[in-house]
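Here is how the chains run, residue by residue.
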Amino acid sequence: MFTLSSLLTAAVLWLGTGREAASEQRQELVADARDLVLLSYQRGLDAVSTEIEERIILGAGLERWYALYAGNGIKLAGNLDGLPPHEGWSQRRFTPRATTLAPSPRSRRLGLYTVRTARGGWLVVGRDAYFIQHMRDVAERIFLFALALIVALSLVVGWLIGRQLLRRVGAMSLAAERISDGDLDHRMPVRGAADELDMIARTVNQMLDRITSLLADVRRLGADIAHDLRTPLTRLRHRLEQLRPPSAGAAAHEAAVDAALAEIDGLLDIFQALLRIAGIASGELRRSFAPVDLEALLRELHDAYAAVAEAEGHRLEATITPQPPIRGDRSLLVQAFVNLIENAIRHTPPGTRIALELGRAGDTLLAGVRDDGPGIPEHEHAQVLQPFMRLDRSRHTEGNGLGLALVASVAELHRAVLQLDDARPGLRVTLGFSLVPGLPHTPDERPG
Ligand SMILES: Nc1ncnc2c1ncn2[C@@H]1O[C@H](COP(=O)(O)OP(=O)(O)O)[C@@H](O)[C@H]1O
Ligand SMILES: [Mg+2]
């Protein structure tokens, strides 16, 4: 492409110079003819003859050609023979005589301009196109030389760039092969330049990081599920064993069946929660998001759980200020806050104060549950969000360790920031929902 465009530029230049020179020469010719015609009217044809002879001698036969004919066709002066066929412009080929300087002269083209003079005479003025030809020849030579240089240069540069690109692409494809062969810790080579290939490599590497971490999550979850199902299944097996005859009587029989059923319910709960978390993680639900009034939602939960909390010896309060609605999935948000409230009831001693909170910090809407119970040590904050993770002290409280995991995935679905804080004393869990334009909240969206 580069070579082609240079070629085009040069061609335009070449044609342009030739045309310019030709038109200049024509103007000169016309002016020359006009001078001589004027002379013929002022001082007669003889004066013109003298002038022409003078000019020919001064010009030493170079580039200047003249012929003056009287009205009767007799040639009066000049170094040209033969009258052109008509007035105005014409051309003629002409080979100059050989000289010592130019032993075999090339044939030239003459541009001729013919006009009438005073007393019915004819004047022919000619210029050699040799000069123009010569200029073109020189331009052509310079141009060909430059072209060869450009072609050579673009080939070399193209080859160098191509080789470099190919080498890098080759390295990337090798890396990709290694990764697809199972070496998931291998990464695409990044050269450190801010070019497109590095951009691709970085993006692919980020993608691989994400995939690897997701894969680790999946592996761990699988192991956790297996591990956590073993205990209830073992217990279930034990209960069923107890049911085998000879049994200890109808009452014990019934108790064993009930216990077995409760065990199975617990297992089903785990699967229910796991399926729910998996469903949330897919992000599909974002499409059915609708405006949710968190203020109303938290007030409803407060009304629903105040009595439950009281029955366990706790007090449930609400510190709620009116806020604009957010976009979200109402039933999942309810589930998340229920999990937090149940945790605050379950994992704290009687007499604990629990507060539902709704407030705002800048463009972020903060909704959460706070209690003044034992709290969770700072270094365990990240861990308790993982599926099946429970603090040691909670081993004997009811639950399966999936409550906060569900809260975390609901937060992620809503692109909310989930934060666990030390409430000094106690635990505060907050979800920060962004109110910025990406999630539009217009007043008419407020649910009735
Ligand atoms: N409000 C709280 N106060 C103290 N510890 C808590 C609180 N909420 C959760 N935890 C701890 O975090 C663990 C994980 O909670 P969660 O995921 O809801 O599982 P579960 O409630 O089924 O045990 C709990 O087992 C408990 O040890
Ligand atoms: Mg819980």
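Residues numbered from 1 in each chain as written. Chains lettered and ligands numbered in written order. Predicted model: local features only at pLDDT ≥ 70, side-chain atom pairs only at ≥ 80, totals over all residues. Heavy atoms only, no water.

Observations concerning the domain arrangement of the chain
Okay, step 1: Once the domains are mapped, the chain shows domain 1 (1-95 + 104-182), domain 2 (196-281) and domain 3 (285-445).
Okay, step 2: One C-alpha centre belongs to domain 1, the other to domain 2, and the line joining them spans 92 Å.
Okay, step 3: Across the domain 1 to domain 2 interface the summed buried area is about 390 Å²; carbon plus sulfur atoms make up 82%.
Okay, step 4: Among the residues of domain 1 in contact with domain 2, R168, M172 and I179 are the three that bury the most area, contributing 85% of the side total.
Okay, step 5: Across the domain 1-domain 2 interface, the total number found is one salt bridge.
Okay, step 6: Close ionic contact of R168 with D198 constitutes a salt bridge, the shortest N to O distance being 3.0 Å.
Okay, step 7: Put simply, domain 1 and domain 2 have one residue pair in polar contact (both at pLDDT 80 or more) between them.
Okay, step 8: The class makeup of the residues in the side of domain 1 that touches domain 2 is four nonpolar, no polar and one charged. (Domains from an automatic or database assignment. Buried area = accessible area lost by both parts, 1.4 Å probe. Salt bridge = Lys/Arg side-chain N within 4 Å of Asp/Glu carboxyl O. Polar contact = N/O pair within 3.5 Å; in protein donor to acceptor, adjacent residues only side chain to side chain. Nonpolar A, V, L, I, M, F, W, Y, C, P; charged D, E, K, R; others polar.)

Brief notes about a nonpolar patch on the surface
Okay, step 1: Side chains of L153, V157, I161 and L165 sit close together on the surface and give an oily, nonpolar patch of about 360 Å² of accessible area.
Okay, step 2: On the accessibility criterion, L165 (41% relative accessible area) is partly exposed. (Patch = residues over 30% accessible without salt bridge, like charges linked within 9 Å, V, L, I, M, F, W, Y side chains within 5 Å. Areas by Shrake-Rupley, 256 points an atom, 1.4 Å probe, with all protein chains shown as cover. Buried < 20%, exposed > 50% of the residue type's maximum accessible area, 1.4 Å probe, protein only.)

So, the nonpolar core
Okay, step 1: Ranked by internal contacts, the top residues of the largest apolar core, which has 55 residues, are L294, L301, F337, L431 and F433.
Okay, step 2: For this core, the leading source of residues is helix α6 (residues 330-346), giving nine residues.
Okay, step 3: Not counting residues up to four positions away in its chain, the partners in contact with F433 are L294, I326, L333, D363, T364, L365, A367, H414 and A416.
Okay, step 4: Counting residues in each nonpolar core, the second largest holds 17 residues, with L39, L45, V48 and A77 among its members. (Core = buried A, V, L, I, M, F, W, Y, C linked by side-chain atoms within 4.5 Å. Helix = DSSP H or I, 4+ residues; strand = E, 2+ residues; numbered from the N terminus. Contact = heavy atoms within 4.5 Å.)

Describing the sheet that holds strand β11 (residues 417-422)
Okay, step 1: Taken in spatial order, the five strands of this open sheet run β7-β9-β10-β12-β11, and their pairing is mixed. Only two strands of the sheet have a single neighbouring strand rather than two, namely β7 (315-320) and β11. Strand-to-strand twist across the sheet, computed as the mean angle between neighbouring axes with direction ignored, equals 15°.
Okay, step 2: For strand β10 (residues 364-371) and strand β12 (residues 427-434), the ladder comprises seven bridges, and the chain directions are antiparallel. Across the sheet, G368 pairs through a bridge with T430, a residue of β12.
Okay, step 3: Across the sheet, helix α5 (residues 294-311) lies against β7, β9 (353-361), β10 and β12, angled at about 165° from β7, the strand it touches most. (Pairing = 2+ DSSP bridges. Axes fitted to C-alpha atoms, helices over the stretch in contact; angles between N-to-C directions.)

Focus on the site of ligand 1
Okay, step 1: Near ligand 1 lie 18 residues; those nearest to it are N343, R390, S394, G401 and L404.
Okay, step 2: A distance of 2.8 Å is found between a nitrogen atom of ligand 1 and a side-chain nitrogen or oxygen belonging to D371.
Okay, step 3: A distance of 2.8 Å is found between an oxygen atom of ligand 1 and a backbone nitrogen or oxygen belonging to L404.
Okay, step 4: In isolation ligand 1 exposes 520 Å². Once the protein is present, 98% of that is buried.
Okay, step 5: Those elements that provide at least two residues to the shell around ligand 1 are α6 and α7 (403-413).
Okay, step 6: Classifying every residue of the shell around ligand 1 gives seven nonpolar, eight polar and three charged. (Near = heavy atom within 4 Å.)

Overview of the layout of surface pockets
Okay, step 1: Empty space within the second largest pocket amounts to approximately 870 Å³.
Okay, step 2: In terms of lining, the second largest pocket is formed by 27 residues, of which the most central are D217, I277, A281, S409 and E412.
Okay, step 3: At the level of secondary structure, the elements contributing two or more residues to the lining of the second largest pocket comprise α3 (196-243), α4 (250-281), α7 and β11.
Okay, step 4: Among the elements that take part in the lining of the second largest pocket, α3 stands out by supplying seven residues, more than any other.
Okay, step 5: Class assignment for the residues of the lining of the second largest pocket results in 18 nonpolar, three polar and six charged. (1 Å grid on protein atoms, 1.4 Å probe; cavity = no way out; pocket = protein on both sides within 12 Å on 5 of 7 lines; lining within 4 Å. Points joined across faces, edges and corners; volume = space filled by probe spheres on them.)

Quick notes on the packing of α4 against α7
A packed helix pair is summarised by two numbers, namely the angle formed by the two axes and the spacing between the axes.
Okay, step 1: For the pair α4 and α7, interaxial distance at closest approach is 9 Å and the crossing angle is 20°. In terms of orientation, α4 and α7 fall into the roughly parallel class. For the crossing formed where α4 meets α7, the hand is left-handed. Residues A273, R276, I277 and I280 of α4 form the contact with α7, whose own contacting residues are A405, L406, S409, V410 and L413.
Okay, step 2: Split into classes, the residues belonging to the contact of α4 with α7 amount to seven nonpolar, one polar and one charged. (Parallel < 35°, antiparallel > 145°, perpendicular 65-115°, else oblique. Left-handed = near helix turned anticlockwise from the far one by under 90°.)

Section: α5
Okay, step 1: Along its 18 residues, α5 runs 26 Å from first to last C-alpha, staying within 8% of the 26 Å computed at 1.5 Å per residue.
Okay, step 2: Residue Y305 marks the point of greatest curvature in α5, where the axis turns by about 40°.
Okay, step 3: Taken residue by residue, α5 has L294, E295, L297, L298, L301, H302, Y305 and A309 as its buried positions.
Okay, step 4: Where α5 begins, one side-chain oxygen reaches toward the backbone nitrogen of E295, 3.1 Å away; that side chain belongs to D293.
Okay, step 5: G313, located one to two residues past α5, shows a positive phi value of around 85°. (Expected span 1.5 Å × (residues − 1). Bend = angle between axes of the 7 residues up to and from the residue.)

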